[in-house]
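Residue strings, one per chain:
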Amino acid sequence: MAYQLYRNTTLGNSLQESLDELIQITPQLALQVLLQFDKAINSALAQRVRNRVNFRGSLNTYRFCDNVWTFVLNDVEFREVTELIKVDKVKIVACDGKNTGSNTTE
C-alpha cells in the first residue's frame, strides 16, 4: 500500500479536482485513479529523484506514530550546491520508503 501524502500537493489536488468535475466516472473509478497516483508518485520519487539538499534548523517538536516521523523546525536553512533558502518554519513528514511486504499487490 502506497502512502497518500502526495495527494495534498499541487499535482494531487489538481487530480482530485479534475476527478470531481468528471461526471461520467463513478466514485469507485476515481478512487482507483487516486490509488494508482499514490503508487506512481511514490515509485517515481523513490527511483528517479537523486538530488540532495542539506538543511539546518532548531527543532520545535517531533512525533513518531504509526511508523511516521513528523518534525517541526524553526529558522531553517536549506542548502543545495549553489543555493541557500531560509524559512521561518517547516514541517517534515517522513515515512519508511521500503516495502514492508504487507498489502503490496500490483
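These figures come from a predicted structure and were not determined experimentally.

A short note on the pattern of salt bridges
One pass over the full model with this rule turns up three salt bridges. Close ionic contact of Asp38 with Arg7 constitutes a salt bridge, the shortest N to O distance being 2.5 Å. Here Arg7 lies in the segment before helix H1 (10-21) and Asp38 lies in helix H2 (residues 27-48), a separation of 31 residues in the sequence. Accessibility classification places Asp38 together with Arg7 in one group, the buried group. Ionic pairing is found between Glu77 and Lys86, a salt bridge with its closest N-O pair at 3.7 Å. Residue Glu77 is classed as partly exposed on the basis of its relative accessible area of 25%. The exposed category is assigned to Lys86, whose relative accessible area is 59%. Through salt bridges that share partners, Glu77, Arg79 and Lys86 make up one connected network.

As for the pairing of strand E1 (residues 54-65)
Bridge count for E1 against strand E2 (residues 68-79) is ten bridges, and the pairing is antiparallel. Note that in E2 the partner of Phe55 across the bridge is Phe78.

Conventions and cut-offs
- Residues numbered from 1 in each chain as written.
- Predicted model: local features only at pLDDT ≥ 70, side-chain atom pairs only at ≥ 80, totals over all residues.
- Heavy atoms only, no water.
- Salt bridge = Lys/Arg side-chain N within 4 Å of Asp/Glu carboxyl O.
- Helix = DSSP H or I, 4+ residues; strand = E, 2+ residues; numbered from the N terminus.
- Buried < 20%, exposed > 50% of the residue type's maximum accessible area, 1.4 Å probe, protein only.
- Pairing = 2+ DSSP bridges.

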